[in-house]
Amino acid sequence: NHESQYKMAAATMMPLFGQQMSSQSELVPDWTSQEVSTGTTIMAVEYDGGVVIGADSRTTTGAYIANRVTDKLTPIHDRIFCCRSGSAADTQAIADVVTYQLGFHSIELDEPPLVETAANLFRASCYRYREELTAGILVAGWDRRKGGQVYCVPIGGMLVRQPVSVGGSGSSYIYGFMDSNYKPNMTKDQCLELTAAAVALAMERDGSSGGVVRLASISEDGVERRVILGNQLPKCSTH
Amino acid sequence: MTPAVAGLLADARSLSEVARDEASSFRSSYGHDIPLKHLSDRVAMYVHAYTLYSAVRPFGCSFILGSYDKDDGPQLYMVDPSGISHGYWGCAIGKAKQAAKTEIEKLQMKDMSCRELVKEVAKIIYIVHDEVKDKAFELELSWVGEVTNGRHELIPKDVREEAEKYAKDSLEEEDDSDEDNM
């Protein structure tokens, strides 16, 4: 039965899970059948003593911008955040589950949780339900043992730690920028500048990314959040 | 991670398996080794559960857990049949635990190295052994610490022999000094 479902899906060119193709009548607008997506550009950078994370603020249903001031930087615990990309519903649901699991775990241990633990909890959900989910997540934070850490949990449920990572549809446009401009042992302010510039560049080119740049820096001392509005964005090109 | 046990050996083996499963499941879920305090709490909760129902009997053994890692340093926890769990600088379980505890309290553990403590521990085992009432015994020594990079290992033969010799010599000295006192 499972096999025949696959064959049927291939024959009719319809995906088994996720969005349906817009083969509907003209009576219903096509955005009603398209999933809400955090199209997105997200980024996370480690520095000595913490991490810097950044994201755009656009949520789309098809071509319509459902939310132009989205907050894609979601707290999971006091010193651990995640950057969400992919399906808005999926990432919110996963983040809620992990927030609960991590909070419970932290109370059991009676100590602040490790970033690695949070990342593993994300990976567990994303891998187990990989067929049903569309979620690309960056887990970043600070803990006592290993300091600032960034873990990448892309679609499919892999887990890898990286000193700097980008994600979302807009990330394709800034891999080159990141590879050439990131250097190890940068200061917090250098990381903030790099992240803001990278996200701004991606927003310029990717239709699914835009709005404002949200930034956060996480360290032993706590979390600092800031927003860079449209007119204050770093201007990189002259056209 | 190291369990040392005293009491009904069958119960102790069963409890060791429980501890192993807990540690393994934690590592699988959370991606890092279980903190010793948490493992001790989980084992203690398990032991305590067997004191709640008349259909089962409590575990007939005490359980000492020891570990070393570079972030938390050395840790020592003990679980007893009531399901209580505490952290310790030094502890003893088994038939002569009271006498052993008294000896341990005389030690300045914070100032001593692992190798020195091995000798003292061997000495205490020999001291509390009652020649009349107890059967002959075999001394088993193992350690976990910076010296073993956090792995639980049997103490190497040369260290063990040094410790046993120290223990036996100290006993003879005490016997001699008993004779001198009138």
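The structure displayed is predicted, hence computed values, not measured ones. (Residues numbered from 1 in each chain as written. Chains lettered and ligands numbered in written order. Predicted model: local features only at pLDDT ≥ 70, side-chain atom pairs only at ≥ 80, totals over all residues. Heavy atoms only, no water.)

### Observations concerning the interface of chain A and chain B
- Taken together, the contact pairs eleven residues of chain A with eleven residues of chain B.
- Carbon and sulfur atoms make up 47% of the surface buried where chain A meets chain B, a total of about 1,100 Å² over both sides.
- Taken together, the connections running from chain A to chain B amount to four salt bridges.
- The partner of B:Asp71 in a salt bridge is A:Arg145, and the shortest N-O contact between them spans 3.7 Å.
- Here chain A and chain B share four residue pairs in polar contact (both at pLDDT 80 or more) between them.
- Every element with two or more residues in the side of chain A that touches chain B is listed here: helix 2 (88-109) and helix 3 (115-128) of chain A.
- For the side of chain A that touches chain B, the leading source of residues is helix 3 of chain A, giving five residues.
- Here the residues of the side of chain A that touches chain B are counted per class, giving three nonpolar, three polar and five charged. (Contact = heavy atoms within 4.5 Å. Buried area = accessible area lost by both parts, 1.4 Å probe. Salt bridge = Lys/Arg side-chain N within 4 Å of Asp/Glu carboxyl O. Polar contact = N/O pair within 3.5 Å; in protein donor to acceptor, adjacent residues only side chain to side chain. Helix = DSSP H or I, 4+ residues; strand = E, 2+ residues; numbered from the N terminus. Nonpolar A, V, L, I, M, F, W, Y, C, P; charged D, E, K, R; others polar.)

### Describing the nonpolar core
- Counting residues in each nonpolar core, the largest one holds 37 residues, and the members touching the most others are A:Ile76, A:Ile94, A:Phe122, A:Ile137, A:Val139 and B:Val43.
- Looking at this core element by element, the count peaks at six residues for helix 3 of chain A.
- Counting residues in each nonpolar core, the second largest holds 23 residues, with A:Met43, A:Val164, A:Val166 and A:Leu194 among its members. (Core = buried A, V, L, I, M, F, W, Y, C linked by side-chain atoms within 4.5 Å. Buried < 20%, exposed > 50% of the residue type's maximum accessible area, 1.4 Å probe, protein only.)

### Quick look at the UniProt feature "active site" (unreviewed entry) in chain A
All names here are of chain A.
- According to UniProt, the "active site" (unreviewed entry) feature falls on Thr40.
- When you line up the elements, Thr40 lands in the loop between strand 1 (36-38) and strand 2 (42-47).
- Residue contacts for Thr40: discarding those within four places in its chain leaves Asp56, Lys72, Arg84, Ser85, Gly167, Gly168, Ser169, Gly170, Ser171, Asp206, Ser208 and Ser209. (UniProt positions renumbered as here; feature names shortened; annotations may be inferred.)

### Considerations on the sheet that holds strand 11 (residues 164-167) of chain A
All names here are of chain A.
- What the five strands build is an open sheet, ordered 11-2-3-12-13; its pairing is antiparallel. Unpaired on one side and paired on the other, strand 11 and strand 13 (222-228) mark the two borders of the sheet. The average angle at which neighbouring strand axes cross in this sheet is 10°, direction not considered.
- As judged from the six bridges shared by strand 3 (residues 50-55) and strand 12 (residues 213-219), these two strands associate in the antiparallel manner. Across the sheet, the residue bridging to Val51 is Ile218, located in strand 12.
- The strands touched by helix 5 (residues 188-205) within the sheet are strand 2, strand 3, strand 12 and strand 13, with strand 2 carrying the most contacts at an inclination of about 165°. (Pairing = 2+ DSSP bridges. Axes fitted to C-alpha atoms, helices over the stretch in contact; angles between N-to-C directions.)

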